[in-house]
Structure formats: C-alpha cells, structure tokens
2 protein chains.
Amino acid sequence: MLTTNLNTASTPSVAHFLNSGTPGQIKIGHSFTTTGEKALESHEHLFVAGDAQSHVYQILEGVISVYELLPDGRRQIATFCYPGDLIGADRIGRFAHNAESLCKVRVRCIPLKAMDRLIATEPGFSQALLNALSTELAETRDQLLSLGRKSAREKVATFLLRISRRNEREGVDETQLHLPMTRSEIADYLGLTIETVSRNFTKLKKAGVISLPSSSQVEVHDLDRLEAFADGGEH
Amino acid sequence: MLTTNLNTASTPSVAHFLNSGTPGQIKIGHSFTTTGEKALESHEHLFVAGDAQSHVYQILEGVISVYELLPDGRRQIATFCYPGDLIGADRIGRFAHNAESLCKVRVRCIPLKAMDRLIATEPGFSQALLNALSTELAETRDQLLSLGRKSAREKVATFLLRISRRNEREGVDETQLHLPMTRSEIADYLGLTIETVSRNFTKLKKAGVISLPSSSQVEVHDLDRLEAFADGGEH
DNA sequence: ATTACAAATTGATACAAATCAAGAAAAGCC
DNA sequence: GGCTTTTCTTGATTTGTATCAATTTGTAAT
C-alpha cells in the first residue's frame, strides 16, 4: 500500500491541537477550555450504538474496540483504537457503533461544542480532522479487502503486520508485538472463529515466521515472509 | 441501524456548496472558480491507486466502483458511488484505491486548490465535508459487518436493501431496483463468487421476496422479509 | 501449593461456499 | 434477421472454515 504520505506530513495532527493546552485543557482561539478525563476498567463500554453523541474521546492510555452487533449476537469489530487515536470523531448525531475497553483505559473527553469551536476558529484544525478521518476511511477499506477476499492465514498475517507497522510508526521494535486483545476479539475483528485464529497462529509458528513467547506476545522472525503470507505470495 | 440523523439535517451538504455557482463554476468566498467536467465510457478508470491526487470528483451522472486489488488479481469493491457522491475526498496525498466507471459517467472535477480555499474561506464547508466523510466511514463499517459475519444470503439481501434505501432517499420507488453493476461486480463487493450471488438471487426469488424481470432489474415484493433475511431473522 | 476458572490449543466431523463444468439467456455486431 | 460473444444460471464436486468436543495452558483466589 501507500507508505509515504504527501499531505499529512506538512499538516499538524489533531493531537497537536488537543495537546496544545495545559493538561486537561484545550486551547481554543486564544482562550482555554477545560476537558474532562474518564477512566475505564477492562471490558467497560465508553458508549453503545444509539447513544447521543455528546463528546469526542481521545485515548490517553489503553486500547478500545469499536464494534457492531447483529440481533443474534454475531459481532464484528471494526477497529482497535490506541493511545492518541480519536474515537467518535465521525459526527453523525448518534453513535452508530459500540466502544468497549480491552484493558484499563484513560480517555480525554472533549465536548462537541469545543470541537465545533475549534473547527470554526482554529485554522488548520478542520484540515487535521479531515486527514484523520480520511486515513481511517482508507484503513477501513483495506480491512474490507481482508474480510472479503483473504484466506484465514492471510487475514492473521495481515493483522500481525498491521501491529508491526504501528510499532514502527511509534518507534517501538517492530518484531516484538504485544496483543492486548483475546483470541475471541481477534476472531471478531477478522471474521473468523477463535479456533481458526489459533490454528493459523500455529501454522505461522510452524512455518518459522513467528514464535509465541506467550499467547499475548508475538515475535516476528521474518517480516518479509510475513508480508508474503499477508497477500497470498506464499502457499 | 441509525434511521434519523440529528446533525446533518440542519447542516448544508457538500453538494450545496458545489452547486452554488453557475454550471461549471463553484463559488469561493465571493468569487467563482471554473471547474472542469469529464466524461467516461463504461469501464474506464477515473484514477488508479498510486496516482497523485490532483482533483476531487463529484459524480453528475452514472455509477463508479471504488476497489482494491491483491497482487494475484483478487478484487474487493469498497463502494459504489452514485450521482451527487464525492469521490477522492479522502485526501491523503495519493489515491489508495482504484475508481472505475460501471457505465457511461460524467464527473465534475474540482481542483484540490479550490477545495482548500473552500475549506479555508467558506464557513460550513469543512463541516459538510466532515459529515460526508463520517457518513461514508459509518457505511464502510457496516459493510465490514456484512463481509465478516454474514452468510451469502444475508449479504445479498443486505445489498438489495441498501439500494432500496438509496431509492427511498432519492424519492424513487423503493421496490423497483435497478442494478447498474454485473454479477461479477456484486460478487466482488460482497466477497462472494458470481455463482453464489446468482444462486442467492434465485433463493430470494423462490422465497417470494423478490422477482427478477431482467438480470439488472429487481422487484422487491416484501421489504420486511427482505430486511429479516438481511440480518438472519429468517432461515 | 492447591483448587477453581477462563482462555487457548488441538482433533474429528459437518457444512456453506468455492471450484469445476455445462447450458441458457442476453447483448453486440455484421 | 442470424451469428458471435459475453453474462447469467444451474448442477456436481471439492475444500476451507465452522462446529462440536476434549485437552492443555494460564491466571486468580484462597
């Protein structure tokens, strides 16, 4: 996919604006607005589908899953959100999805009014928000390709690769992957069952591409081969 | 899902801004910018992944598919874009996906500079763009649920329902559906094969939910049952 | 440490959708 | 009109993943 980004590099990020005040404050124009903070235990909901959108949240610590349910309980996780990520920035009145913590989480709560004022008064903030949403849309479309057209092994490889690339962006070792989610959550993200996820971890392990020091820790031995597995280059 | 929209109803749409000038022009601030128009034959590319983004396009006539390919040729169509829709508004430097006409198409070409000036000078335009992108993100996440967790029949029913709802929004009869795309394109949108798509049209027909006056024309006899089929309520 | 409980792995079997293979219908073309 | 080509439908078989079932491993509590 796209490795360099011609646009966002030169544009300040959303975080740039949200972090410009003192802790707990956002600079709006030349004044400051106080923002709340919220702590969640593991597997608590930040919001559920149908809730009126009152705030946008920025993750300070921990990981949150955004998911949708079918009436019979089948679940599809749309995305895992990490520190720095904005959640609920897709403003359409009411939340269309559910957001649940995977572990202990702290979020900054930004009232919608504050967002609106930032958009109206802070030049560049709209642009930053548009960039963030655009990137998220492109990543979601990538995930469509995984779900619609990839085999179970390709899906698992793609998933690990995605985490590795996040590490790279964050300046963390891209071969040591920490998985804050359970096999069940990985399965619901990849459109598989926990058994199939587990079997394909084992396959990648037996192929020598990864090892599993623990069930939540993956070591990648060969990133190139992992990449080959991710889009069907190796059978 | 979400049926009422608390926010966008009160906010002018992107189209409102783009249609405010005379034909071929967009009002920016108090002046006008000329916009080009482009015509495509059936199955021509508007852009391909990797192209530098120079314009944003608004469909005036026809339908365009946005898709992604794997190296071995497997294809996933992310979305079908209809008249009024903006395409390439997810500004991330280079196009991450391909855009191909399904039939004869006319698009308005809006230079990026013009978009930037609208964002900077026209109050409300950023908000309209953010709304459009947010809606598209929510719809793409819905599609994740289809691809990851629904059976072939549920996928086909969901697809027809989506077209029916578009008709409703456009004030067109929601029981008479025109399909501008081939079975192969439907298959690549739903993550299925053409045979499976065809078989499930037949199943819905035999169940009395739809009929097929022609392969590109669907008549829905029972919207409630189609809805039930779409999320697994009927087996 | 010992016990309880939850999460992950591994194995055996079933099934939905893919693949392979013809035909039938529709769309272009001379 | 008839001929060719493409698209769609239907049938037979295979296959990858789900389901069902049993261990194993890991974690927390006492």
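Section: the overall build of chain A
Across its full length, chain A holds seven helices and 13 strands. Expected size for 235 residues packed as a compact globule is a radius of gyration near 18 Å; at 19 Å, chain A falls within 12% of this value. Overall, the C-alpha framework of chain A stretches about 60 × 40 × 30 Å when taken along its three principal axes. Of all 235 residues assigned to chain A, the portion counted as buried reaches 52%. Taking contacts inside chain A between residues at least 6 apart in sequence as the whole, the part at least 24 apart equals 68%. Carbon and sulfur atoms make up 51% of the accessible area of chain A, which totals about 10,200 Å². Taking the average place of the 26 positive charges on the side chains of chain A and the average place of its 29 negative ones, the gap between the two points comes to 3 Å.

A closer look at the protein's contact with DNA strand C
Residues in close proximity to DNA strand C total 15 residues, the closest being A:Arg183, A:Ser198, A:Thr202, B:Ala152 and B:Thr196. Of all DNA strand C atoms lying within 4 Å of any protein atom, the proportion belonging to sugar or phosphate reaches 65%. Take A:Thr202: an N or O atom from its side chain is 2.6 Å from a phosphate oxygen of DNA strand C. Here a base oxygen of DNA strand C and a side-chain polar atom of B:Arg199 are 2.9 Å apart. Listing elements by their share of the surface near DNA strand C, those giving two or more residues are helix H6 (194-206) of chain A together with helix H6 (194-206) of chain B.

Notes on helix H5 (residues 183-190) of chain B
In terms of burial, H5(B) is largely enclosed, as seven of its eight residues are buried. Among all positions in H5(B), only B:Arg183, B:Glu185, B:Ile186, B:Ala187, B:Asp188, B:Tyr189 and B:Leu190 are buried. Taken together, the buried residues of H5(B) touch helix H3 (125-149) of chain A together with strand E7 (75-81), helix H3 (125-149), helix H4 (152-170), H6 and strand E12 (210-214) of chain B. Positive phi shows up at B:Gly191, right after H5(B), with a value of about 70°.

Considerations on the interface of chain A and chain B
With 54 residues of chain A at the interface, the matching set in chain B holds 54 residues. Sorting the residues of chain A by area buried against chain B places A:Arg141, A:Leu144 and A:Arg149 first, and these three jointly supply 16% of that buried surface. Linking chain A with chain B are eight salt bridges. Counting across the chain A and chain B interface gives 16 residue pairs in polar contact (both at pLDDT 80 or more). For the side of chain A that touches chain B, the secondary-structure elements that each account for two or more residues are strand E6 (64-69), strand E7 (75-81), helix H2 (112-121), H3 and helix H5 (183-190) of chain A. Here the residues of the side of chain A that touches chain B sort into 22 nonpolar, 17 polar and 15 charged.

A short note on the relation of the copies chain A and chain B
Once chain A is rotated about the relating axis by 180° and shifted along it by 0.0 Å, it coincides with chain B to within an RMSD of 0.0 Å. Each copy turns onto its partner about a two-fold axis. A shared interface surface links the copies, since 100% of the contact residues of chain A are contact residues in chain B too.

What to know about the protein's contact with DNA strand D
Taken together, 15 residues form the shell around DNA strand D, and within it A:Ala152, A:Thr196, B:Arg183, B:Ser198 and B:Thr202 come nearest. Side-chain polar atom of A:Glu195 to a base nitrogen of DNA strand D: 3.1 Å apart, as the coordinates give it. The contact in question runs from a phosphate oxygen of DNA strand D to an N or O atom on the side chain of B:Arg183, over 2.7 Å. At the level of elements, H6 of chain A together with H6 of chain B are the ones that each hand at least two residues to the surface near DNA strand D. When its residues are assigned to classes, the surface near DNA strand D shows two nonpolar, eight polar and five charged.

Some thoughts on the nonpolar core
Nonpolar side chains in soluble globular proteins generally cluster together in the buried interior. One finds A:Phe125, A:Leu129, B:Phe125 and B:Leu129 to be the most contacted residues of the largest nonpolar core, which totals 36 residues. Those elements that place two or more of their residues in this core are helix H1 (14-18), H2 and H3 of chain A together with helix H1 (14-18), helix H2 (112-121) and H3 of chain B. When sequence neighbours within four positions are dropped, the list of residues in contact with B:Phe125 reads B:Val14, B:Phe17, B:Leu18, B:Met115, B:Leu118 and B:Ile119. Counting 31 residues, the second largest nonpolar core, distinct from the first, contains A:Ile163, A:Tyr189, A:Val209 and A:Val220.

Looking at the domain arrangement of chain A
Residues and elements named next belong to chain A. By domain assignment, chain A separates into domain 1 (10-143) and domain 2 (150-230). One C-alpha centre belongs to domain 1, the other to domain 2; they are set 26 Å apart. If you look at the interface, domain 1 gives 14 residues, while domain 2 gives eleven residues. Between domain 1 and domain 2 the total buried area reaches about 1,300 Å² when both faces are included, carbon and sulfur atoms providing 48% of it. By the criterion of area lost to domain 2, the three top residues of domain 1 are Arg75, Phe80 and Tyr82, representing 44% of everything that side buries. Counting across the domain 1 and domain 2 interface gives six residue pairs in polar contact (both at pLDDT 80 or more). Going through the elements one at a time, E7 and H3 are the ones with two or more residues in the side of domain 1 that touches domain 2.

Thresholds applied
Residues numbered from 1 in each chain as written. Chains lettered and ligands numbered in written order. Predicted model: local features only at pLDDT ≥ 70, side-chain atom pairs only at ≥ 80, totals over all residues. Heavy atoms only, no water. Helix = DSSP H or I, 4+ residues; strand = E, 2+ residues; numbered from the N terminus. Rg over C-alpha atoms; globule rule 2.2 N^0.38 Å. Buried < 20%, exposed > 50% of the residue type's maximum accessible area, 1.4 Å probe, protein only. Contact = heavy atoms within 4.5 Å. Areas by Shrake-Rupley, 256 points an atom, 1.4 Å probe, with all protein chains shown as cover. Lys, Arg positive; Asp, Glu negative; His and termini not counted. Charge placed at Lys NZ, Arg CZ, Asp CG, Glu CD. Near = heavy atom within 4 Å. Polar contact = N/O pair within 3.5 Å; in protein donor to acceptor, adjacent residues only side chain to side chain. Buried area = accessible area lost by both parts, 1.4 Å probe. Salt bridge = Lys/Arg side-chain N within 4 Å of Asp/Glu carboxyl O. Nonpolar A, V, L, I, M, F, W, Y, C, P; charged D, E, K, R; others polar. Least-squares fit on C-alpha atoms with pLDDT ≥ 70 in both. Core = buried A, V, L, I, M, F, W, Y, C linked by side-chain atoms within 4.5 Å. Domains from an automatic or database assignment.

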